[in-house]
Amino acid sequence: GTSPASSSAPPKREPEQALQAPRQQLATAAAAPAIGTSPASSSSAPPPKREPERALQVITQQDDKIVEWYTRVMETAREAGAKVQKAMQQKGGGPQLQGGQQEKEAPSRVAPSIVKKIRSIADILDEAQDDVYNELWISLESLPQQMQAFIPLLEYYADTAFPDGGDSSQRMINVAQRDALRFEAVRMQKGIMKLDIAVKNKKVRAVEEAFATTSLAYDRFLKAGDLYTGYDPVTSTTVFFNAVYDKGLQYTPVALEQPRIRDEVLVLQGPDKGKVGRVIWLGRENPNDLGSRPLTAVVKLDPNPLLGTTSMSIGVREVKAYPYSWIVQTRSSTQSFTRDFVLATLAAVVSCGLTYPLENLKTRVQLNAPPIPPEGPLALFKGVGLNVLREAPNMGLLMAGFNFLTRQAVGFPFINANDPNMKFFLMIPSGILAMSSGSILKVPVIDMSKQVQAGLADNAFESFKNVYLTPPPKAVLKKLGTLLTVTVLRGAPFGAFQCLIYELLKDKTPVLLENAGFPIAGEPFLWGACAGFCTGFLTNPPDVILTRMSVSQQEDDGKDFDLGAVLGQIKGAAEKVYAEEGWGGFAKGGLENAFYYAPEAMVWFGAYEALKGVTESWLQ
């Protein structure tokens, strides 16, 4: 049910003389990256077929030449398009567009006001797409009626732009054109009717499907009616990638992330290879089952200025249907690590600040202290700054390191990068390594935070004095080494569980939640809450040991840090908990721990996904 993914057809009568020079120029630039694409690198000469390491290094070292390639190809294509337009204008007649450009033959037969109104639908759909993603129902309620008003104009355009006059061959061509335009107008009208029903029921996925149907039919109407104001002479971009391997392009392997609705994707196969756009719908094997295998993807491409401009965009945004196997998610590893660290750290500042009273309550329960301090409930916020300083950088490094290490693991030669379930096995070691590395940033503040929570210090300055200034330096180093060991032992399962559980829920439950009518925007918060609850309960035993050791006043034996001795202390602390309270001692505070990490992870993951969405929209 899809059409070939190709650019709009060129004018029927191309003066060969006008096109000869541009074609020569395009042939010269054939080794450059395609217009509107995002290759990570390129090379002027194709490397050997077996991808020697040296050839790959040469390819990846050409980053500073990308801008030069883009500029040359874009200018060459612009010149080609301008010469074709000029050649078409020499035939004379018809109205002119803004800037003196001659209107094309078919639109010139129709009143300019009607042509302008039909082209303005593109701006309406661009605005509506934002309303759909923001679930702005009050605005979407008027969209179906607004779009329905254009249907008579589309029908009028089909009859007027392609009349019955002329010789018999031209009449046959016009009949075929009218039939194609009427077919797309009918499909567009059906999409509008489905959109009206979906908006009334406030079903986001149904709205997205109807919106994609309407957008695709409208774009095909523009192509069939020759309504693009410009012309893109590059009908296939594959020639620009003859010397570029797929590994040289920046995208997320399928094993790490499969393209979903609303994702930004890169076209990796076909005549539009290298172009970037956003998935607005996925056609599935069973249209009534959102969990069935996707077969096609409707993609709204990034603006192409060669096809014309709109009042809201620097270029026309084509809507095309591709086989699902042709697209992959965009994103480079380096950019993702930096972005993930910054956004996850900011999200952790919010989550740790809001949920700190639960953290304080949990610690007091583990220390057998009264849950509420004598000063009252507001005293539970005491030490919130230390908690944020302790957790925010660590959580930022966890998210960034987890994603980065998982992406790197997918690139190993013995890993099947096309298996979407492979990532779950890779996430366990990635989470352990990421959390363990973040412990280095966390350990120096742990003791200070526990001192304030236990009431042994009134503020950060007093806790710093108790932890780092009062004991001898050797004792301080020994205590830090002990805490680092315990923190790594606790952080390893925490890092393995939290992000893994979240990604499992994210991958397996969207269809179930959407069928139940759960808001799409609330899904990350639910997944985060479930991941935090499970992780908090599973990692409570080492947390009890860490808490007891952090506030214990052990005599310094004057010896240097010894890992074996530290492990012995951990064993001794665990035996003491068991001897005094049994196995229940390790579960003490477990529910409090789980209920702390549930809202903390809920806010953290939800804020992270929200910040990521805002950042991507801003960058786009």
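Everything discussed here concerns the structure shown above.
Structural notes, computed from the coordinates. These figures come from a predicted structure and were not determined experimentally.

**Focus: the environment of L512**
So, step 1. The residue L512 is located in helix α16 (residues 510-515) in this model.
So, step 2. As a C-alpha pair, L512 and G291 span 221 residues in sequence and 8.6 Å in three-dimensional space.

**Comments concerning empty space enclosed by the protein**
So, step 1. In the structure shown here, the tally under the stated rule is 3 cavities of 30 Å³ or more.
So, step 2. Quantified by volume, the second largest cavity comes out at close to 60 Å³.
So, step 3. Together, E391, N394, M395, M435, K442, R490, F494, Y596, Y597 and E600 line the second largest cavity.
So, step 4. Counting residues per element, the ones that place at least two in the lining of the second largest cavity are α12 (384-410), α13 (422-453), α15 (473-508) and α20 (590-619).
So, step 5. Of the residues in the lining of the second largest cavity, the class split is 5 nonpolar, 1 polar and 4 charged.

**Side note on the sheet that holds strand β6 (residues 327-330)**
So, step 1. Taken together, 6 strands build an open sheet; the order of strands is β1-β6-β2-β3-β4-β5 and the sheet is antiparallel. Where the open sheet ends on each side, the last strands, each with one partner, are β1 (251-252) and β5 (319-323).
So, step 2. Here 7 bridges tie strand β3 (residues 276-284) to strand β4 (residues 294-301), and the two strands are oriented antiparallel to one another. Counterpart to R284 in the pairing with β4 is P294.
So, step 3. Sheet strands in contact with helix α5 (residues 112-133) are β3 and β4, and its direction is about 65 degrees off that of β3.
So, step 4. Across the sheet, helix α10 (residues 204-224) lies against β3, β4 and β5, angled at about 110 degrees from β5, the strand it touches most.

**Concerning the pattern of salt bridges**
So, step 1. Inspection of every chain in the model, using the stated rule, returns 20 salt bridges.
So, step 2. Where R187 meets E184, a salt bridge forms, and the shortest distance between an N and an O atom there is 3.1 Å. Of the two residues, R187 and E184 are both situated in helix α9 (residues 168-201); the distance of 3 residues between them amounts to about one turn of the helix.
So, step 3. The closest approach of N and O atoms between K320 and D272, which form a salt bridge, is 2.8 Å. With a gap of 48 residues between them, K320 in strand β5 and D272 in the loop between β2 (264-267) and β3 connect regions that are remote in the sequence.
So, step 4. The exposure class of K320 is buried, given its relative accessible area of 5%.

**Focus on the packing of α5 against helix α8 (residues 151-161)**
So, step 1. Packing of α5 against α8 leaves a shortest axis separation of 10 Å and a crossing angle of 125 degrees. When the interaxial angle is binned, α5 and α8 end up oblique. Here α5 runs over α8; the crossing is left-handed. Counting all contacts with α5, which are made through I114, V115, K117, I118 and I121, the residues of α8 involved are L153, L154, Y156 and Y157.
So, step 2. For the contact of α5 with α8, the residue count by class is 8 nonpolar, no polar and 1 charged.

**A short note on the nonpolar core**
So, step 1. Of all hydrophobic cores here, the largest spans 42 residues; its most connected members are I118 and Y157.
So, step 2. For this core, the element with the most residues is α5, which contributes 9 residues.
So, step 3. If sequence neighbours within four positions are ignored, I118 has contacts with L153, L154, Y157, Y218, F221, L222 and L227.
So, step 4. Within the second largest apolar cluster, 30 residues are counted, among which are L343, F424, M435 and Y608.

**Digging into the packing of aromatic side chains**
Pairs of aromatic rings are described using the distance from one ring centre to the other and the angle between the two planes.
So, step 1. As enumerated under the stated definition, the model contains 11 aromatic pairs in all.
So, step 2. Judged by centre distance (6.5 Å) and plane angle (40 degrees), the rings of Y322 and W326 are tilted.
So, step 3. Residue Y322 is classed as buried on the basis of its relative accessible area of 0%.

**A look at the pairing of β5**
So, step 1. In terms of burial, β5 is a largely internal element, 4 of the 5 residues being buried.
So, step 2. As judged from the 5 bridges shared by β4 and β5, these two strands associate in the antiparallel manner. Counted as the bridge partner of T296 is P323 from β5.

The rules behind each value
- Residues numbered from 1 in each chain as written.
- Predicted model: local features only at pLDDT ≥ 70, side-chain atom pairs only at ≥ 80, totals over all residues.
- Heavy atoms only, no water.
- Helix = DSSP H or I, 4+ residues; strand = E, 2+ residues; numbered from the N terminus.
- 1 Å grid on protein atoms, 1.4 Å probe; cavity = no way out; pocket = protein on both sides within 12 Å on 5 of 7 lines; lining within 4 Å.
- Points joined across faces, edges and corners; volume = space filled by probe spheres on them.
- Nonpolar A, V, L, I, M, F, W, Y, C, P; charged D, E, K, R; others polar.
- Pairing = 2+ DSSP bridges.
- Contact = heavy atoms within 4.5 Å.
- Axes fitted to C-alpha atoms, helices over the stretch in contact; angles between N-to-C directions.
- Salt bridge = Lys/Arg side-chain N within 4 Å of Asp/Glu carboxyl O.
- Buried < 20%, exposed > 50% of the residue type's maximum accessible area, 1.4 Å probe, protein only.
- Parallel < 35°, antiparallel > 145°, perpendicular 65-115°, else oblique.
- Left-handed = near helix turned anticlockwise from the far one by under 90°.
- Core = buried A, V, L, I, M, F, W, Y, C linked by side-chain atoms within 4.5 Å.
- Phe/Tyr/Trp six-rings, centres within 6.5 Å; stacked < 30°, edge-to-face > 60°.

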